[in-house]
Amino acid sequence: MASGITIVSATADMLPDIVSLEEACFSAPWTRKMMEAELTGNPFARFRVALDAEGRIVGYHCFWIVFEELRLMNVAVRESMRRRGVALALVTEALHMGLAEGATRAMLEVRASNEAALALYRRLGFVPVSTRRRYYVNPEEDAVVMEMDRLALPTGSFPGSAPAVGGGTVPAH
């Protein structure tokens, strides 16, 4: 795992810090109400946070497990903690959880300009399958739809182990 980082389930009392991180990372952030709905009202949603050694939230990942599909929704990492394996650890955790809950494939959208995220997802085994024109706003931008048709863990990772980490990391959208 990324040095000094622990990944745990998000709780409602973490919402202010998660929303603050969301607003710092994205030009069109989810609202507190949207975050709260994912955390407390969506039975398919899983919400994990990455904590530093002092217990501060340095990243989060909201993803859905809907029957056989793992749907990566939002990944954010504090700017000062990027390129330290945090996003990779969070996404790898989602892959572990998806497999454990019977998911067989994974999907995500990512801004077409987010080269570092695209590289991270390719490294994990995702492949681009289509483009959604003008999917994002502020600024308006295309989304690259990526999938992992056969859900698998990254090389060097196996059930029951800590997620493998390394390389560059950035927010997903």
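Residues numbered from 1 in each chain as written. Predicted model: local features only at pLDDT ≥ 70, side-chain atom pairs only at ≥ 80, totals over all residues. Heavy atoms only, no water.

Visitor: An account of the confidence of the model for the protein is needed here, citing residue identities and associated values.
Guide: On average, residues of the protein score 89 in pLDDT, and 88% of them are at 70 or above. Considering each helix and strand of the protein separately, the mean pLDDT is smallest for helix α4 (residues 115-124), with a value of 94, and largest for strand β3 (residues 57-66), with 98. (pLDDT = per-residue confidence, 0-100. Helix = DSSP H or I, 4+ residues; strand = E, 2+ residues; numbered from the N terminus.)

Visitor: Provide a residue-level description of unusual backbone geometry, including the pertinent values.
Guide: For the peptide bond that leads from asparagine 138 to proline 139, omega is 0°, which places it in the cis range. Within the secondary structure layout, proline 139 lies in the loop between β6 (127-136) and β7 (141-148). A positive phi angle is found at phenylalanine 67, which is not glycine, with a value near 55°. Relative to the helices and strands, phenylalanine 67 resides in the loop between β3 and β4 (69-77). Here the phi dihedral of asparagine 138 falls at roughly 55°; this positive angle occurs in a residue that is not glycine.

Visitor: Could you give an account of the sheet that holds strand β2 (residues 45-51), naming the residues involved and the relevant values?
Guide: The seven strands lie next to each other as β1-β2-β3-β4-β5-β7-β6, forming an open sheet whose pairing is mixed. Two strands bound the open sheet, and with one partner strand each, they are β1 (6-9) and β6. Here the average twist between neighbouring strands, direction ignored, is 25°. For β6 and β7, the ladder comprises six bridges, and the chain directions are antiparallel. In the strand pairing of β7, serine 130 is matched with valine 145. Across the face of the sheet, helix α1 (residues 15-25) comes into contact with β2, β3 and β4 while running at roughly 95° to β3. Strand contacts of helix α3 (residues 86-100): β1, β2, β3, β4 and β7, with the helix running at about 25° to β3, the strand carrying the most contacts. (Pairing = 2+ DSSP bridges. Axes fitted to C-alpha atoms, helices over the stretch in contact; angles between N-to-C directions. Contact = heavy atoms within 4.5 Å.)

Visitor: Could you give me a rundown of α4, with the residues and numbers involved?
Guide: Taken together, the buried positions of α4 are Ala117, Leu118, Leu120, Tyr121 and Leu124. Summarising the axial view, the buried residues of α4 lie within an arc of 160°, below the 170-degree limit, and thus occupy one face. Of the surrounding elements, those touching the buried residues of α4 are β4, α3, β5 (105-111) and β7. In the stretch just after α4, glycine 125 is the one whose phi turns positive, near 110°. (Buried < 20%, exposed > 50% of the residue type's maximum accessible area, 1.4 Å probe, protein only. Arc of directions from axis to C-beta.)

Visitor: Lay out the nonpolar core with the relevant residues and their values.
Guide: Grouped together as the largest cluster of nonpolar side chains are 35 residues, with contacts concentrated most on Leu70, Leu72, Val86, Val110, Tyr121, Phe126 and Met146. The greatest single-element share of this core, amounting to nine residues, is contributed by α3. Counting 18 residues, the second-largest nonpolar core is a separate cluster that includes Ala10, Met35, Cys62 and Ala76. (Core = buried A, V, L, I, M, F, W, Y, C linked by side-chain atoms within 4.5 Å.)

Visitor: So, the packing of aromatic side chains: which residues are in play, and what are the values?
Guide: A complete count under the given rule lists four aromatic pairs for this structure. Between tyrosine 121 and phenylalanine 126, the aromatic rings sit 5.8 Å apart at their centres with planes inclined by 75°, giving edge-to-face as the arrangement. (Phe/Tyr/Trp six-rings, centres within 6.5 Å; stacked < 30°, edge-to-face > 60°.)

Visitor: An account of the pattern of salt bridges is requested, with residue identities and associated values reported.
Guide: Once the charged atoms of two side chains with opposite charge are near each other, the side chains can pair. Considering all chains together, one arrives at eleven salt bridges under this definition. As a salt-bridge pair, arginine 111 and glutamate 141 come within 2.9 Å of each other at their nearest N and O atoms. In this pair, arginine 111 sits in strand β5 while glutamate 141 sits in strand β7, placing the two residues 30 residues apart along the sequence. Each member of the pair arginine 111 and glutamate 141 is classed as buried. One salt-bridge network, in which partners are shared between bridges, spans Asp52, Glu54 and Arg56. (Salt bridge = Lys/Arg side-chain N within 4 Å of Asp/Glu carboxyl O.)

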